[in-house]
Amino acid sequence: MHLYKYEKIWLIVGGATLALFLLVLGIGAFAMGQHPPSDTETIDPQYVRETAPFDQPGLKQIGENEYELVMVAQAFAFQPADIQIPAGAKVHFIVTSADVIHGLEIANTNVNMMVTPGYISRMTYTFNDPGEYLMLCNEYCGVGHHLMGTRIEVAE
Amino acid sequence: MRRLSLAHLWVSFIALFFGAIAGLLQVLVKKGVLHLPNGIGYYQVLTAHGVLLGLVFTTFFIIGFLISGVGRTTGELSASVLRYGWIGFVLMTLGTVLGTIMILLNQATVLYTFYAPLQASPWFYIALALIVVGSWCSGLAIAAQYWKWRKENKGKISPLFSFMAVVTMLLWFVATLGVAITVLFQFIPWSFGWVETINVLLSRTLFWYFGHPLVYFWLMPTYICWYVVIPKIIGGKIFSDALARLAFILLFILSIPVGFHHQLLESGVSPGWKFFQVILTFAVVVPSLMTAFSIFATFEISSRAQGAGGRLSWLKNLPWGDARFFAPMMGMLFFIPAGAGGIINASFQLNQVVHNTLWVTGHFHLSVATSVALTFFGVAYWLVPHLSGRQRTKELNRLGIIQTILWAVGMTFMSGAMHASGLFGAPRRTDYTTYFDHPVAAGWIPYQTAMAIGGALLFIAILIFLYVMIRLAFFAPKGVEEYPIGEVGEGAEKTPAIFENWKLWIAISAVLIVIAYSIPIFEMLQHAPPGSPGYKFW
């Protein structure tokens, strides 16, 4: 099938741009390990409270300025709430849902992941800038969805 | 044929009216200037908005439009085709009425994506199944008419409109298999209580297997208008019949195995498979690039043929005062930022910045609610009077222009504010909230004002549109309105017969779907956690 000269140029430039974008994403993903949260560990969603580590949600120090934050998302709150984190701390989020699907997002950061019942979601983030952050649920979970949020205080 | 097509259009317009009311209520509630009277919930209204506009308005309009165009290009619809068409219409209408009742009864406040384990009344899922099965009957009717034409015209290339209509309904059929499987085998048994739990991730995956090609089911009829109808309206020719068919075949093949780009941030799917579907998502941009080139080539060629000179002055020669052209043209222009936003959303890691924020809502209000909706409005401005045997008067045409401008301005406000506040973290799908007076959430308030202003303009635009439709259907002077179908330019290449080799395209599509989905779904089943019981959190 015949393509006109300008059309060829248009499609080649367009296709090359898309390929370049994919290359950047691919290098980020496979060479630098920047994958979106894709944990495969499962849990019985009806026994979250009885299953470690979710039987004891909270912030646990595991190294020098490095923490594990074990959280349970449940309609319509995150547990624990009102979290205090020292500035510069590296935090490993370990989250699951005790009921429906939730989304865990911290506004103005790249912390954003789905929390699907039956699965554990993990992500790591370093809080370099002190301030008061807003953690909220960003997947519709019921009539109180817009009230599901909490503060994270990153102190100097 | 006229009655069948008009019946579809009217259901779609009624859905548009109620969906628009829901939309207006939402922006006002979100801004905090309105409290819904006792008993009506924000999320109930949001469910109605999504179902009525995303599923009902679009599907009815598309089927009404396609049936009329297939009739226009292949001759009288046979009796059996009409029968299938009416059966489809009745099933879809029953589904719509049942679904709306369940939403109004507050038995289905699960939003139009109905993610498990939120559990609606089984009748809501049955309503969805009726709409899907009804649309299959309509698809069969369109395919049967096409086959009849092929039989009577052996060796000839089918009319472009009919070919595109068949590709659209074929895409719809393959895509809806996913949602049909999850509704029939997961949601209905679970909501009736025949089984206790549901596999949440599998249901989401089957939903998004359907959810992204759904977008192309909206887009392909839009492209039909751009490829086939617009050239005739501007007094030009179709740039290339063969390229148009190639674009549609590529859309069919590439737009299905891409659903994971809606699930990039969730557990249970390995990143390799997510990335594979991201590659296919980027590939489906190519037929849209082809479309953009063809359409603007048609504009320039026809404008120059009518005597326009200069590098850009041919733009002036286009019929900007004709609502049939102006509305879809605005839709095309809005598709440029909409498409760019779509590429951002699908960009693997980058999705983390925007996922489930208002940015995404802003994105699909540009794509489906502007590019697609404005094109459908543009089609309605000639299709309704064509079917009702009335004239599109100067006054009504002018109202169409005003309506389009209002839509473009309103959407710039609303979608622009959604995009911006989404980047600052404002989540989608939330009732009025200050997050306990959190300072971060306070920063989103000005954008909510802009959204409310935009939403109000959009509502006025819908009222004008519906007023014009009522005039065109019942009160405008009797007359003949043309059904514009473009012809292929003289210099255009001969269309290769391979495009109508349906077995080949279905086979390629099936292979890609199997490659993209079989291993991830196998892993999902193999390592499935215990299922979830249903929750009614509303």
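Note that this is a predicted model, so its numbers are computed, not measured. (Residues numbered from 1 in each chain as written. Chains lettered and ligands numbered in written order. Predicted model: local features only at pLDDT ≥ 70, side-chain atom pairs only at ≥ 80, totals over all residues.)

**Thoughts on the overall build of chain A**
To be explicit about the condition: Counting from the N terminus, the helices are the DSSP runs of H or I reaching at least four residues and the strands are the DSSP runs of E reaching at least two. When we talk radius of gyration, it's over C-alpha atoms, and the globule rule is simply 2.2 Å times the number of residues to the 0.38.
Of regular secondary structure, chain A possesses 1 helix and 10 strands. Listed by position from the N terminus, the elements making up chain A come as α-β-β-β-β-β-β-β-β-β-β. Here chain A has a C-alpha radius of gyration of 20 Å; the compact-globule value for 156 residues is 15 Å, and the former is much larger. With respect to the three principal axes, the spread of C-alpha positions in chain A is 65 × 35 × 30 Å.

**Overview of the overall build of chain B**
This is how the line gets drawn: Whether a residue is buried, exposed or partly exposed follows from its count of other C-beta atoms within 10 Å of its own C-beta, namely 20 or more, 12 or fewer, or something in between, respectively; the C-beta atoms are built from the backbone. We call two residues in contact if the C-beta atoms placed from their backbones are at most 7 Å apart.
Within chain B, the regular secondary structure consists of 16 helices and 0 strands. Taking 24 Å as the expected radius of gyration for a compact globule of 538 residues, we find that chain B reaches 23 Å, a close match to that expectation. Dimensions of chain B along its principal axes, counting C-alpha atoms only, are 65 × 50 × 45 Å. Sorting the 538 residues of chain B into buried and exposed places 59% on the buried side. Put simply, 85% of the contacts in chain B that link residues at least 6 apart link residues at least 24 apart.

**Some details on the interface of chain A and chain B**
The criterion, for reference: Three classes are used: nonpolar for Ala, Val, Leu, Ile, Met, Phe, Trp, Tyr, Cys and Pro, charged for Asp, Glu, Lys and Arg, and polar for all others, with Gly counted as polar.
Counting residues at the interface gives 57 residues for chain A, matched by 60 residues for chain B. Of all the elements in the fold, those that place two or more residues in the side of chain A that touches chain B are helix H1 (5–31), strand E6 (102–106), strand E7 (112–115), strand E9 (131–137) and strand E10 (149–155) of chain A. Of all the elements, H1 of chain A adds the most residues to the side of chain A that touches chain B, at 11 residues. In terms of residue class, the side of chain A that touches chain B is made up of 27 nonpolar, 22 polar and 8 charged.

**Concerning the domain arrangement of chain A**
We count it as follows: Either an automatic procedure or a domain database provided the assignment from which the domain bounds are taken.
If you check the domain split of chain A, you get domain 1 (1–35) and domain 2 (45–155). For domain 1 of chain A and domain 2 of chain A, the distance between their C-alpha centroids amounts to 36 Å.

**Some remarks on the sheet that holds E7 of chain A**
All names here are of chain A. Just so we agree on the cut-off: Should DSSP find at least two bridges between two strands, the strands are taken to pair. Each axis is a line fitted through C-alpha atoms, taken for helices only over the stretch in contact, and angles between the N-to-C directions span 0 to 180 degrees.
Judged by pairing direction, the sheet is mixed, and its 5 strands sit side by side in the order E4-E10-E9-E6-E7 without closing on themselves. At either end of the open sheet lies a strand with only one pairing partner, and these are strand E4 (83–86) and E7. Within the sheet, the average angular offset between the axes of one strand and its neighbour, ignoring direction, is 20°. Pairing geometry for E9 and E10, over 6 bridges, is antiparallel. Considered in E10, the bridge of Gly131 is made with Val154.

**Quick notes on unusual backbone geometry**
The peptide bond linking Gln79 of chain A to Pro80 of chain A adopts the cis configuration, its omega dihedral lying at 5°. Examined against the element boundaries, Pro80 of chain A turns out to sit in the loop between strand E3 (77–79) and E4. Cis rather than trans, the peptide bond between Ala116 of chain B and Pro117 of chain B has omega equal to 5°. By secondary structure assignment, the location of Pro117 of chain B is in the loop between helix H3 (79–104) and helix H4 (122–152). At Asp82 of chain A, a residue that is not glycine, the phi angle is positive and equals roughly 45°. As for its placement among the helices and strands, Asp82 of chain A is situated in the loop between E3 and E4. The phi dihedral of Leu111 of chain B falls on the positive side, at around 65°, and the residue is not glycine.

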